[in-house]
Amino acid sequence: MAQDFNGKVVVITGGASGMGAATAGLFAESGARVFIIDRNADLAQTMASALSVEAIVGDVSQSAFCESAIARAAAGGRIDALVNAAGIIIRANGLDTSDEDWQRTLNVNVSGVFYMCRAAIRQMKTQAPNADGARGAIVNFGSIWGELSGKGALAYAASKGAVHQITRTFAIEHARDGIRVNAVCPGEVDTPMLRTAGRTVPLTDAQAAEMGERVVPMGRLAQPVEIARMVRFLCSPEASYITGAMHYVDAGYSAV
Ligand SMILES: NC(=O)c1ccc[n+]([C@@H]2O[C@H](COP(=O)([O-])OP(=O)(O)OC[C@H]3O[C@@H](n4cnc5c(N)ncnc54)[C@H](O)[C@@H]3O)[C@@H](O)[C@H]2O)c1
């Protein structure tokens, strides 16, 4: 069965909330041993209990932490998939972006993805290939804002453009190692990031629905699981010929 992850080890950063948590839920349902990595200790423990997965608490912008988290998850001998969903957004135009916000965004969204990919690929290269030649798969969370431009989140857009290039470059560097690296690029997804991050007052249900109606061609926001399904597919044997690609799951947003 293509979505059977029995016996597989999957590591998901940002797994305590939003799309990371939805992805952890799908992999757990598919039989994987799942590690969620998150800096929010309380949320990570609560989500780990709810999904029957394991939590590793820490900050992906720290290289040493990423190395130790991968080593812990790989203690059984292998990591089959890594999903990098941890991310932050600062909602500010370029001129209103402080040095601190700029650096913080790049530290988490860019360095965090790079450190986790590097540590995981080093591990995956040591693993014996499966029958189909696969050693591992990685999915990074990019964004429509990694390609499109729009006012109001310059550091975030820059960081997601970098994630797309990290994805493409690692993909071609390791295409012959049996390691596939892809990005999923969501549009507007109804998560705590969209509702609360960088806002003084969280969006209400009515405001979130209005936003979906106004900006998304299909007329609604995505639910996190609608993105998680693409992530699980990209990590599965069904995606055996797919690497180095940006996968838009945006209800037509980037087609306009
Ligand atoms: N929500 C959207 O509309 C949207 C659209 C496109 C892309 N994305 C991207 O998708 C990913 C998931 O977003 P979400 O909306 O589910 O967000 P979310 O805020 O619901 O979840 C993000 C999780 O990442 C964790 N995190 C943040 N910084 C961390 C760090 N330094 N170390 C470890 N954990 C950290 C948070 O604690 C949180 O649990 C992000 O990379 C985001 O940029 C979101």
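Predicted model only: the values in this text are computed from it and were never measured.

J.: I'm lost on the overall build of the protein chain in this one. Help?
T.: What the protein chain contains, in helices and strands, is eight helices and seven strands. Here the C-alpha radius of gyration of the protein chain, 17 Å, is about what a compact globule of 256 residues would show, namely 18 Å. The dimensions of the protein chain, computed from C-alpha atoms along their principal axes, are 50 × 35 × 35 Å.

J.: Can you walk me through the site of the ligand in this structure?
T.: Around the ligand sit 30 residues, and of these Gly14, Gly18, Gly87, Thr191 and Met193 come closest. Across the shell around the ligand, the residue classes tally to 15 nonpolar, eleven polar and four charged.

J.: What's the story with the sheet that holds strand β6 (residues 179-186) in this structure? I'm lost.
T.: Paired through backbone hydrogen bonds, the strands of a sheet run either parallel or antiparallel to each other. Taken in spatial order, the seven strands of this open sheet run β3-β2-β1-β4-β5-β6-β7, and their pairing is parallel. Each edge of the open sheet carries a strand with a single partner, namely β3 (54-57) and β7 (246-249). The sheet shows a mean angle of 20° between the axes of neighbouring strands, direction not considered. Here helix α8 (residues 224-235) sits on the sheet in contact with β4 (81-84), β5 (136-141), β6 and β7, set at roughly 165° to β6.

J.: Just to check I follow, could you spell out helix α1 (residues 18-29) for this structure?
T.: Working note: α-helix, 3.6 residues per turn, so residues spaced by three or four point in the same direction. Here α1 spans 17 Å end to end across twelve residues, near enough to the 16 Å set by a 1.5 Å rise per residue. Considered for burial, the residues of α1 that qualify are Gly18, Met19, Gly20, Ala21, Ala22, Thr23, Ala24, Gly25, Leu26 and Phe27. After α1 finishes, the residue Gly31 shows a positive phi value of roughly 95°.

J.: Whenever I open this one, the nonpolar core confuses me. Can you help?
T.: The nonpolar side chains of soluble globular proteins are, as a tendency, buried together. Core analysis: the biggest nonpolar cluster contains 71 residues, and Val10, Ile36 and Ala120 have the highest contact counts within it. Residue contributions to this core peak at eleven residues, all from helix α4 (residues 99-125). One finds Trp145, Leu154, Ala155 and Ala157 within the second-largest nonpolar core, a separate group that totals eight residues.

J.: Looking at this structure, I do not really get the environment of Ser61. What am I missing?
T.: Within the fold, Ser61 resides in the loop between β3 and α3 (63-73). Judged by C-beta crowding, with 21 C-beta atoms within 10 Å, Ser61 ranks as buried. In contact with Ser61, other than residues within four places in its own chain, are Asn107, Val108, Ser111 and Gly112.

J.: What is the right way to read unusual backbone geometry from this model?
T.: Keep in mind that most residues, glycine aside, have a negative phi and that most peptide bonds are trans. The backbone of Ser52 sits at a positive phi, close to 55°, despite the residue not being glycine. Among the secondary structure elements, Ser52 is positioned in the loop between α2 (41-51) and β3. On the neighbour-count criterion, Ser52 (11 C-beta atoms within 10 Å) is exposed.

J.: Can you help me understand the confidence of the model for the protein chain in this one?
T.: The predicted coordinates should not be examined in detail at positions where pLDDT is low. Confidence in the prediction for the protein chain averages 97 pLDDT; 99% of positions are at 70 or higher. For the protein chain, helix α6 (residues 192-196) is the element with the lowest average pLDDT, namely 95, and strand β1 (residues 9-13) is the one with the highest, namely 99.

J.: I would appreciate a short explanation of the pairing of β3 in the present structure.
T.: Looking along a regular strand, one sees the side chains alternate between the two faces of the sheet. With four bridges connecting them, strand β2 (residues 33-38) and β3 associate as parallel partners. In the strand pairing of β3, Asp38 is matched with Val57. Each parallel crossover has a hand, and the one from β2 via α2 to β3 is right-handed.

J.: Even after reading the chapter, I still don't get the packing of α4 against helix α5 (residues 154-173), so can you show me in this structure?
T.: Any two packed helices are characterised by the angle at which their axes cross and by the distance between the axes. Between α4 and α5, the shortest axis-to-axis distance is 9 Å and the interhelical angle comes to 15°. Considering their axes alone, α4 and α5 lie roughly parallel with respect to each other. Taken as a pair, α4 and α5 cross one another with a handedness that is right-handed. Contacts between α4 and α5 pair Asp101, Trp102, Thr105, Leu106, Asn109, Val110, Val113, Phe114, Cys117 and Ile121 from the former with Ala155, Tyr156, Ser159, Lys160, Ala162, Val163, Ile166 and Phe170 from the latter. The residue inventory of the contact of α4 with α5, partitioned by class, reads 13 nonpolar, three polar and two charged.

J.: I would appreciate a short explanation of the environment of Tyr253 in the present structure.
T.: Relative to the helices and strands, Tyr253 resides in the segment after β7. The partly exposed category is assigned to Tyr253, around which 19 C-beta atoms lie within 10 Å. Those residues in contact with Tyr253, other than ones at most four positions away along the chain, are Ile144, Gly187, Val216 and Pro217.

J.: It is not clear to me how the packing of α1 against α8 should be interpreted in this structure. Could you clarify?
T.: The contact between α1 and α8 brings their axes to 8 Å, and the two run at 55°. Considered as vectors, α1 and α8 are oriented oblique to each other. Along this stretch, α1 crosses α8, giving a crossing that reads as right-handed. Each of Gly18, Met19, Ala22, Thr23, Leu26 and Phe27 in α1 lies in contact with α8, whose residues at this interface are Pro224, Val225, Ile227, Ala228, Arg229, Val231 and Arg232.

Reading guide: rules and limits
- In this convention, every chain numbers its residues from 1, walking through the sequence in written order.
- Owing to the predicted nature of the model, reporting of local features is limited to residues with pLDDT of at least 70; listing and counting of side-chain atom pairs is limited to 80 or more, with chain, interface and lining totals taken over all residues.
- We count a stretch as a helix when DSSP gives it H or I for four or more residues in a row; a strand needs E for two or more, and each element gets its number in order from the N terminus.
- Here the globule rule reads 2.2 Å times residues to the power 0.38, and the radius of gyration is calculated from C-alpha atoms.
- We call a residue near a molecule or strand if the C-beta atom, set from the backbone, is within 6 Å of it.
- Any residue outside Ala, Val, Leu, Ile, Met, Phe, Trp, Tyr, Cys, Pro, Asp, Glu, Lys and Arg is labelled polar, Gly included; the first ten of those are nonpolar and the last four are charged.
- Here, strands pair whenever DSSP counts at least two bridges between them.
- Angular values range over 0 to 180 degrees, each being the angle between N-to-C directions of two axes fitted as lines to C-alpha atoms, with helices fitted over their stretch in contact.
- Throughout, a residue-residue contact means that the two C-beta atoms, derived from backbone geometry, are no farther apart than 7 Å.
- One less than the residue count of a helix, multiplied by 1.5 Å, gives the span that helix is expected to have.
- Working definition of burial: number of other C-beta atoms within 10 Å of the residue's own, with buried at 20 or more, exposed at 12 or fewer, and partly exposed in between, all C-beta atoms being placed from the backbone.
- Note on terminology: a nonpolar core is any set of buried Ala, Val, Leu, Ile, Met, Phe, Trp, Tyr and Cys residues joined through C-beta atoms within 7 Å.
- pLDDT gives the predictor's per-residue confidence on a scale running from 0 to 100.
- A crossover gets the label right-handed when its path from the first strand over the helix to the second runs clockwise, viewed with the strands pointing away from the viewer.
- By definition in this entry, angles of less than 35 degrees are roughly parallel, angles greater than 145 are roughly antiparallel, angles of 65 to 115 are roughly perpendicular, and the rest are oblique.
- In this scheme the handedness of a crossing depends on how the near helix is turned from the far one: anticlockwise by less than a right angle means left-handed, clockwise means right-handed.

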